[in-house]
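Examining the three-dimensional arrangement
The primary structure of each chain is shown beneath.
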Amino acid sequence: MSRPLWDVANPAISHPAETAPNPLRLWESYGVIALKIRARELQVRTRNCWMLVALSLLGISPSLRSQPFDLKQNSAGAADTLSVMTYNVKGLPWPVAWGRDGALDAIGQRLGQLRLRGRQPHIVALQEAFTDEAKAIGQAAGYTHIATGPSAEMHEDGPVSVDDRRFAAAGSWIKGETQGKFVDSGLQILSDYPIVRMRRAAFPNFACAGYDCLANKGILLIAVTVPGVRVPVEILTTHLNSRHASGVSDDRSLYAYQRQVEFLSRFVATNHDPASPLIMAGDFNMGPRPSRRSLLLGSVRGMSNDRGRAIVRDGLSSCLSNPADRIAQSADARWILKRGRDWQFMSDGEHVGLKATHAAVPFGRAGGAEMLSDHMGFSVDYQLNHS
């Protein structure tokens, strides 16, 4: 029996219980292709990996240095303000990645440290939160409301074109395209504010390419009540198909990317309440390629045109253009924009507007910090204005 395009979760439940993937099936599939998935990365990092193994055998944990945070004092109850962070935490299962427990624990601890200083983001959108350790970040950081994206079993049986069938028929077993979904979407949204509405959907089964097909990637949308704001604010996160890391040709990964972007546009049109401001924060895997930039940015502009009034803007770029914001001097922020994977797009509601006022990179390299993931985690502070 197929699952619906979207499903509604009880906001009183932190996150629904998911059926754990069969370890034997995971071993069989990942064991065959794991070295191919991260071959390029391993070539670069072999020496570091062996060092981590040696330290682990000796019972020594490598230090995970902190960095000077640049998040403003937020006061969890401050009216008309909202801070949102997006972070791909690389919570990949073994044997695709190993030795990640310490870094994932450190992410939760660092967010907890920010909370003790009154500087935690009100909302955190996580991608690649596949493992139990990654899914424990929110609880470790003190977030009381947690929403989880599509499970490994969820799917959507929408219309399939002739081109889609042809694309699916060309799937490669060795690239993980015909093995089914072995892990969930890896999406979570952590919130200090009550979640009053949730929608989620998995991308169609055919709309993936390469090793990305092993995860049931999709979309997670929540609405939260923010003090001083008369309508809920919507937060969306997603993780779109990778290009090089997928292990397939650019043309094949681009086709899947296009179909996912189209699905995202339809999902927003169907499930977003135009009365609510919308922040889309996630790993959009756009990169510098003109073909991907055209697809994603064209879709974002289309979301604006469909409603005829709300202009979608990029929160981080808005802050970088403000010389008064310290983020304008941040090499980490410039690296995030140049890399072009992680974004926060914002769109006004009918009577509540969004203004990006400050940005920070609490999970980056500044101050000599060690990277806890292969992505940086950045936050944007938003002022919500009633019209």
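Sequence order as written defines residue numbering, which begins from 1 separately in each chain. Only residues with pLDDT of 70 or above have their local features reported here, since the model is predicted, and side-chain atom pairs are shown and tallied only from 80 upward, although totals for entire chains, interfaces and linings are computed over all residues. Note that the side-chain values use all heavy atoms of the structure and ignore hydrogens as well as water.

Topic: the environment of aspartate 250
Put simply, the rule is: Numbering of helices and strands runs from the N terminus, with a helix taken as a DSSP run of H or I at least four residues long and a strand as a DSSP run of E at least two residues long. Residues are treated as being in contact if the distance between any of their heavy atoms lies within 4.5 Å.
Topologically, aspartate 250 is positioned in helix H7 (residues 250–271). With 41 residues separating them along the chain, aspartate 250 and alanine 209 place their C-alpha atoms 9.8 Å apart. For aspartate 250, the contacting residues outside a window of four places in its chain are Arg243 and Arg289.

Some points on the sheet that holds strand E2 (residues 123–129)
The condition that has to hold: Strand pairing follows a simple DSSP-based rule, namely that at least 2 bridges must link the two strands. Only C-alpha atoms enter the line fits that serve as axes; for helices the fit covers just the stretch in contact. Angles between N-to-C directions range over 0 to 180 degrees.
Sheet architecture is open: six strands sit in the order E3-E4-E2-E1-E12-E11, paired in mixed fashion. Two strands bound the open sheet, and with one partner strand each, they are strand E3 (145–148) and strand E11 (352–363). The mean inter-strand angle of the sheet, taken between neighbouring strand axes irrespective of direction, is 20°. Bridging between strand E1 (residues 81–91) and E2 involves six bridges; their strand directions are parallel. The partner of threonine 86 across the bridge, within E2, is alanine 125.

Quick word on the state of the cysteines
What makes a disulfide is a covalent bond joining the sulfur atoms belonging to two cysteines. Condition: Any two cysteine sulfur atoms within 2.5 Å of one another count as a disulfide. The cut-offs for exposure are 20% and 50% of the maximum accessible area for each residue type, with area from a 1.4 Å probe on protein chains only; residues under the lower value are buried, those over the upper are exposed, and the others partly exposed.
Throughout the structure, instances matching the rule amount to one disulfide. The disulfide bridge from cysteine 208 ends at cysteine 213, spanning 2.1 Å between sulfur atoms. Between cysteine 208 and cysteine 213 the disulfide shows an S-S torsion of about 110°. By sign, it is right-handed. Overall, the relative accessible area of 8% leaves cysteine 208 in the buried class.

Here's the deal with the packing of aromatic side chains
Put simply, the rule is: Two aromatic rings, drawn from Phe, Tyr or Trp (for Trp, its six-membered ring), form a pair once their centres lie within 6.5 Å of each other, and the interplanar angle then sorts them: stacked below 30 degrees, edge-to-face above 60, tilted otherwise. The rule for a charge over a ring is simple: NZ of Lys or CZ of Arg within 6 Å of the ring centre, and within 35 degrees of the ring normal.
Tallied over the entire structure, the rule returns five aromatic pairs. Ring geometry for phenylalanine 203 against phenylalanine 263: centres 5.7 Å apart, planes inclined by 80°, an arrangement best described as edge-to-face. Of this pair, phenylalanine 203 sits in the loop between strand E5 (195–202) and strand E6 (218–224) while phenylalanine 263 sits in helix H7, and the two are 60 residues apart along the sequence. Judged on exposure class, the residue phenylalanine 203 and its partner phenylalanine 263 are both buried. Through a chain of ring-to-ring contacts, the aromatic side chains of Phe284, Trp343 and Phe345 assemble into a single cluster. For the cation-ring pair, arginine 252 lies above phenylalanine 167, with the distance from its terminal atom to the ring centre recorded as 3.9 Å.

Overview of the nonpolar core
For clarity, the cut-off: Here, nonpolar core means buried Ala, Val, Leu, Ile, Met, Phe, Trp, Tyr and Cys residues that are tied together by side-chain atoms lying within 4.5 Å of each other.
Counting residues in each nonpolar core, the largest one holds 37 residues, and the members touching the most others are Leu82, Ile222 and Ile235. The element contributing the most residues to this core is E11, with five residues. Residues contacting isoleucine 222, with those up to four places away along its chain left out, are Ala147, Ile189, Ile195, Arg197, Met198, Val233, Glu234 and Ile235. Ranked by size, the runner-up nonpolar core spans 23 residues in total, among them Ile219, Phe267, Met280 and Met286.

Observations concerning the pairing of strand E8 (residues 278–283)
For the record, the criterion: A right-handed crossover is one whose linking path, passing over the helix from the first strand to the second, runs clockwise when the strands point away from the viewer.
Burial of E8 is extensive: six of the six residues sit out of reach of the surface. Bridge analysis of strand E7 (residues 233–238) against E8 gives three bridges, and the strand direction is parallel. The partner of isoleucine 235 across the bridge, within E8, is isoleucine 279. With respect to chirality, the unit in which E7 leads through H7 into the neighbouring parallel E8 is right-handed. Pairing geometry for E8 and strand E10 (residues 342–347), over six bridges, is antiparallel. Across the sheet, residue aspartate 283 finds its bridge partner in E10, namely aspartate 342.

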